[in-house]
Amino acid sequence: MIRRPLCIAAWLLIVSSLAAHWLGISWIWRSPAGPKPEQWAIREKSVYGEGAVYRQEEKIFSNKTYTYLYLKQTSLFIESKKYPVRNVKCIVEQSVETLYGKHVEVSGKLVLPEAPGNPGEFDRRKYERARKIDFYLKEAEIQKITGKEGRIAAFTRKLRHFSGKILENIFPSQEAEILKAMLLGERSQVDQEVKEWYQSAGISHIIAISGLHMSLLGISIWKMVSFCGIPAGIGAALSVFLLTGYGILIENPTTAFRALLMFGIFMGAKMLGRSYDLFSALALAAILILVDNPDLLWDCGFQMSFMAVAGIGGYGNGQIKLLREMGKDFSGRRGKLLQNLLLGLFLWFFTLPVVLSSFYQVSVAGILCNLLVIPMMPFVVASGGAAMFLGGVHMGWGSIAGIPAYGILKLYGLLGQAAEKSVWGIWTPGQPLTERIILYYLILGSSWFLLSWMRKKKKKILYAGGIYGITAGVLLFLMGGAGKTPTQIAVLDVGQGDGIVVQGEGEAFLIDGGSSSEKKVGSYVLLPYLKQQGIGKLTGIFLTHTDEDHVNGAREVLEEAKKGWFSVGYLFMPYWMGESEGGKELTKMAKETGTVVRFLCAGDQVRTEKMTFQVLFPGKEDYTENPNGGSLVLSWESERMRGIFTGDLPAEQEKEVILEEGDYDFLKVGHHGSNGSSSEDFLAKVSPQIALISCGQNNRYGHPGKESMARIRREGAEIFRTDMLGAVTVRFGKNRSLRVEGFRREGIL
């Protein structure tokens, strides 16, 4: 490290950026003139701004057109003072003319990108900041347009659009969108199902402009230049120039820019006759990228790009070198195959904590799939690139050139589908704790030092195999989590709806799952939470009634059970739902995934080793015309802890609930805190210590109602609301102690 001052400088930059973030002064690189813009965005104040349009999108939601203008070189005017900021995303509620490269003046409501409300949920704010988009301007109105788009920017944009159209004309839509992502960086149109196939096979890195793409292209250009007999110095400069041009065409995503910088350093070393040091080049690339945008430190693409290079070039090659020195022969076809397999394993283990920190699950199949996929990548890129180039001259020539790419992409799709359906294709241990990640890398480093010591002592290669086996077992145990999850209940922030996960001693249940205010709540909230918690199997799902804000996300969860990584044991519904249309549909879905369906009525119990769910209501009466009135009411108990779940039960039916009175630890308040639920008599019977309310921010129903809130407070219960706190998690300790945490607020509430 001392011999590599750039590495020291990179670490100092990383530590100082982390410190600024933790101290709450990260605004210094987002708005150097002061924190006022962030303060105004928090309060959603109206502002005036100006900037140059570098990107424009048009989308239609609910038959209404929205135009998204992305501004750079932006300034905001707040209280007559000018504040230079980074990029701003303006949301105009109408279609507008093409404004690429033009300078616009806009007014609107300044807000921050949305922060997650639940563990595991996608962090839009972090994602946007990694792209220098610190603010949104909602309800934006364009006040003035000046200037015009630069010639180079206009040329590259039109060339990119023209190239994409050629691919669309040559290939079927699925393959065309994959190639547009691979060659032009346009990933947004790739079908979600295709993305999931590639993720299952551990090859999702190929449907993005990654460092691998840039490295392959750079090396190919260098070889072609050398083959043409061009002098080394001129050839190196020409290679860098051509790769830079390609980088401008694809708008230089971070991973591609990292690879471009490192390729430029490599070529520079060749021109100057100097040696190339991988870690110094990697450190210099990190410094240049992070000085421009420190927020990339929290971007998984940035993390994976640098960790992959360090994993292969540093850790992986270092292990292969050690094994060679200990007598392992990697010559011949079998030796090369073994070397590639070991490099894949070393990379998999080296990047495992980073992958799990961002995605909570990892492809096991990817270790083998990449042995086939990566060697075929140059053929896909060459064939797709040739099709794109020749298709611009003659569509028939382009179609012939694209045949290999089409065939290989079909093979990739089949690999992904097989991995997705396999029980062993994906491992879901959840998000690891920071202290475990630190310990993980300490153990990984210690094993390397131990092997180095064994090499010096001239130990047999068999000992190395033993060290690898023991280390791998310890590391997997560390990431997989030691021990079972303690008993906890999470009332997730699903907007206007319900979604509750009950965990304890290896068992997990979902009680309802739906929303009337959030789209695809199963895919965007419920499943990410289950992954983050390392839940690959739900013991059961309880659905209290048929309202969409309680079941539409549960359908998505059941659909996910068709995949190998996830399963649902039982689907429980009230007896009357067996004859309802919604109940029949859910029963059919459940049976398609191998989930057992049970219809419950008052008096039934669902037991596990540590938990008991007692059905308190309803009986076998028909509530098809009054779903809320037939809500399944559950009494839950675990090691002397007790609680009540009431669905959307109104006060009229609360009178019919027969329960053991008094001293419940919590009440999941009925009907999102509506005034028509939680009557005084019912609250007196339950006498909860805490009341949990699931409702959406500023919902149109006015939930929770003032009257119901007053009744709950008079009963002496402390209230916790998802619209204010995000996901509310209740953890249970000894002697009936409770710890309640809100995801949007730190510490004990």
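As the structure is a prediction and not an experimental result, all values here were calculated from the model.

Caption draft 1: Up close: the pattern of salt bridges. Enumeration according to the criterion identifies 37 salt bridges in this entry. Put simply, R129 and E38 hold a salt bridge, and the shortest N to O gap is 3.9 Å. Residue R129 is located in helix α4 (residues 124-129), and its partner E38 is located in helix α3 (residues 36-42); the two are separated by 91 residues in the primary sequence. When its relative accessible area of 14% is taken as the criterion, R129 is described as buried. Residue class for E38 comes out buried when judged on its relative accessible area of 16%. Residue K562 pairs with E592 through a salt bridge whose shortest N-O separation is 3.7 Å. In this pair, K562 sits in the loop between α20 (548-560) and β13 (567-574) while E592 sits in helix α21 (residues 581-592), placing the two residues 30 residues apart along the sequence. Judged by relative accessible area, which is 47%, E592 ranks as partly exposed.

Caption draft 2: Molecular detail of the sheet that holds strand β19 (residues 666-668). A sheet is described by the order of its strands in space; here 7 strands give the open sequence β15-β16-β17-β18-β19-β20-β21, paired in mixed fashion. What marks the edges here is a single partner per strand, and that holds for β15 (605-607) and β21 (718-721). The sheet shows a mean angle of 20° between the axes of neighbouring strands, taken without regard to direction. Where helix α24 (residues 706-714) meets the sheet, its contacts fall on β20 (690-693) and β21, and the angle it forms with β21 comes to roughly 140°.

Caption draft 3: Inspection of a nonpolar patch on the surface at higher detail. A cluster of nonpolar side chains, namely I230, I234, L238, F241 and L242, defines an oily patch on the protein surface of about 460 Å² accessible area. Looking at the secondary structure, you find I230 in the loop between α8 (211-227) and α9 (232-249).

Caption draft 4: Focus on the nonpolar core. Counting 55 residues, the largest nonpolar core has L492, L538, I541, F566, L571 and I644 as its most contacted members. The leading source of residues in this core is helix α19 (residues 521-532), at 6 residues. Every residue in contact with L538, bar those within four places of it in the chain, is listed here: A508, F509, L510, L530, V557, F566, S567, V568 and G569. Counting residues in hydrophobic clusters, the runner-up holds 49 residues, among them L261, L282, L290 and L343.

Caption draft 5: Structural view of the pairing of β13. In terms of burial, β13 is largely enclosed, as 6 of its 8 residues are buried. The pairing of strand β12 (residues 537-542) with β13 spans 5 bridges and is parallel. Note that in β13 the partner of F542 across the bridge is F572. The β-α-β motif built from β12, the intervening α20 and the parallel element β13 has right-handed crossover chirality. Examined bridge by bridge, β13 and strand β14 (residues 596-600) share 5 bridges and lie parallel to one another. Among the inter-strand pairings, F572 is bridged to a residue of β14, identified as R598. A crossover connection joins β13 to the parallel β14 through α21; in handedness this β-α-β unit is right-handed.

Caption draft 6: Inspection of the layout of surface pockets at higher detail. What the second largest pocket holds in volume is close to 600 Å³. Going through the elements one at a time, α5 (151-170), α6 (173-184), α8, α9 and α14 (366-391) are the ones with two or more residues in the lining of the second largest pocket. The leading source of residues in the lining of the second largest pocket is α9, at 6 residues.

Caption draft 7: The arrangement of the sheet that holds strand β10 (residues 497-504) in detail. In space, the 8 strands of this open sheet follow the order β14-β13-β12-β11-β10-β9-β22-β23, with mixed pairing throughout. Here the strands that pair on one side only, and so sit at the sheet edges, are β14 and β23 (738-742). Neighbouring strand axes in the sheet, compared pairwise and without regard to direction, differ in orientation by 20° on average. The strands touched by α21 are β13 and β14; relative to β13, the strand with the most contacts, the crossing angle is about 160°.

Caption draft 8: Quick look at the pairing of strand β16 (residues 612-617). Most of β16 is tucked away, with 5 of its 6 residues classed as buried. By the bridge criterion, 3 bridges tie β15 to β16 in an arrangement that is antiparallel. Paired with Q605 across the bridge in β16 is Q614. Hairpin remark: β15 followed by β16, antiparallel, with 4 residues in the connecting loop. Where β16 and strand β17 (residues 633-638) come together, 5 bridges link them in antiparallel fashion.

Caption draft 9: Region of the structure containing α8. When the terminal C-alpha atoms of α8 are compared, their 24 Å separation across 17 residues agrees well with the 24 Å that a helix rising 1.5 Å per residue should span. Those residues of α8 that sit buried are G211, H213, M214, G218, I221, W222 and V225. Projected down its long axis, α8 carries its buried residues within an arc of 160°, all on one side. More than 90 degrees from the buried face of α8, the exposed residues found are K223, M224 and F227. For α8, the secondary structure elements touched by its buried residues are α6, α9, α10 (254-272) and α14.

Caption draft 10: Structural detail: the packing of aromatic side chains. Counted according to the given criterion, the structure contains 25 aromatic pairs. Here a set of aromatic residues connected by ring pairs shows up, and it is made of Y315, F346, F350, Y440, Y441, W448 and Y468. Above the face of the W40 ring, K45 is positioned so that its terminal group lies 5.9 Å from the ring centre. Positioned over the ring face of Y70 is R55, at 4.6 Å from the centre of the ring.

Caption draft 11: Just the packing of α8 against α14, in detail. Look at α8 against α14: their axes get within 11 Å of each other, and the N-to-C directions meet at 65°. By the angle class used here, α8 and α14 are roughly perpendicular. Two packed elements cross with a definite hand, and for α8 against α14 that hand is right-handed. Contacts between α8 and α14 pair L212, H213 and L216 from the former with I374, M377, P378 and V381 from the latter. In terms of residue class, the contact of α8 with α14 is built from 6 nonpolar, 1 polar and no charged.

Caption draft 12: Quick look at unusual backbone geometry. Residue F617 is joined to P618 through a cis peptide bond whose omega torsion reads 0°. Topologically, P618 is positioned in the loop between β16 and β17. Cis peptide bonds are those with omega within 30 degrees of zero, and the linkage from H703 to P704 qualifies with -5°. Positive phi is not limited to glycine here, since K132 has a value of about 70°. Relative to the helices and strands, K132 is located in the loop between α4 and β6 (133-146). In this structure K132 comes out as partly exposed when scored by relative accessible area, which is 23%.

Caption draft 13: Spotlight on the environment of L322. Structurally, L322 is set in helix α12 (residues 300-325). For L322, a relative accessible area of 4% puts it in the buried group. For the pair L322 and A464, spaced 142 residues apart in sequence, the C-alpha separation works out to 9.5 Å. Non-local contacts of L322, meaning those with residues more than four positions away in its chain, are made with W448, L451, S452 and R455.

Calculation rules
- The written sequence of each chain sets the order in which its residues are numbered from 1.
- A pLDDT threshold of at least 70 governs which residues receive local features in this predicted model, and a stricter bar of 80 or more applies before side-chain atom pairs are shown or counted, although totals over entire chains, interfaces and linings include all residues.
- In computing side-chain values, all of the structure's heavy atoms are included and hydrogens and water are not.
- Should a side-chain nitrogen of Lys or Arg be within 4 Å of a carboxyl oxygen of Asp or Glu, the pair is scored as a salt bridge.
- Secondary structure is summarised from DSSP: a helix means a run of H or I of at least four residues, a strand means a run of E of at least two, and numbering begins at the N terminus for each.
- For every residue, the accessible area obtained with a 1.4 Å probe (protein chains only) is divided by the maximum for its type, and the residue is called buried under 20%, exposed over 50%, and partly exposed between those limits.
- DSSP-based pairing: two strands are paired if at least 2 bridges between them are found.
- Helix axes are fitted to C-alpha atoms over the stretch in contact, other axes to C-alpha atoms as well, and angles between N-to-C directions run from 0 to 180 degrees.
- In this analysis, two residues are considered to be in contact whenever any of their non-hydrogen atoms come within 4.5 Å of each other.
- Like charges are joined within 9 Å and nonpolar side chains (Val, Leu, Ile, Met, Phe, Trp, Tyr) within 5 Å, but only among residues with over 30% relative accessible area and no salt bridge; these make up the patches.
- All accessible areas in this document rest on Shrake-Rupley with a 1.4 Å probe, and a residue is counted as covered only by the protein chains that are shown.
- Put simply, a nonpolar core is a bunch of buried Ala, Val, Leu, Ile, Met, Phe, Trp, Tyr and Cys residues held in one set by side-chain atoms that sit within 4.5 Å of each other.
- Handedness of a crossover: with both strands directed away from the viewer, a clockwise path from the first strand across the helix to the second marks it as right-handed.
- Put simply, the grid is 1 Å and covers the protein atoms alone, a cavity is a trapped set of points that fit a 1.4 Å probe, a pocket is an open set with protein on both sides within 12 Å along at least five of seven lines, and lining residues have an atom within 4 Å of a point.
- Grid points are joined across faces, edges and corners, and a volume is the space filled by probe spheres set on the points.
- In this scheme, a helix's expected span is set at 1.5 Å multiplied by one less than its residue total.
- Of all possible arcs, the one meant is that of the directions from the helix axis to the C-beta atoms.
- What counts as a ring pair is set by centres within 6.5 Å for rings of Phe, Tyr and Trp (its six-membered ring), and what kind of pair is set by the plane angle: stacked under 30 degrees, edge-to-face over 60, tilted for all other angles.
- The rule for a charge over a ring is simple: NZ of Lys or CZ of Arg within 6 Å of the ring centre, and within 35 degrees of the ring normal.
- Each angle receives one of four descriptions, namely roughly parallel if under 35 degrees, roughly antiparallel if over 145, roughly perpendicular if within 65 to 115, and oblique otherwise.
- Working rule for handedness: look at the near helix, and if it is turned counterclockwise from the far one by less than a right angle, call the crossing left-handed; if clockwise, right-handed.
- By the convention adopted, Pro, Cys, Tyr, Trp, Phe, Met, Ile, Leu, Val and Ala count as nonpolar, Lys, Arg, Asp and Glu as charged, and the other residues, Gly among them, as polar.

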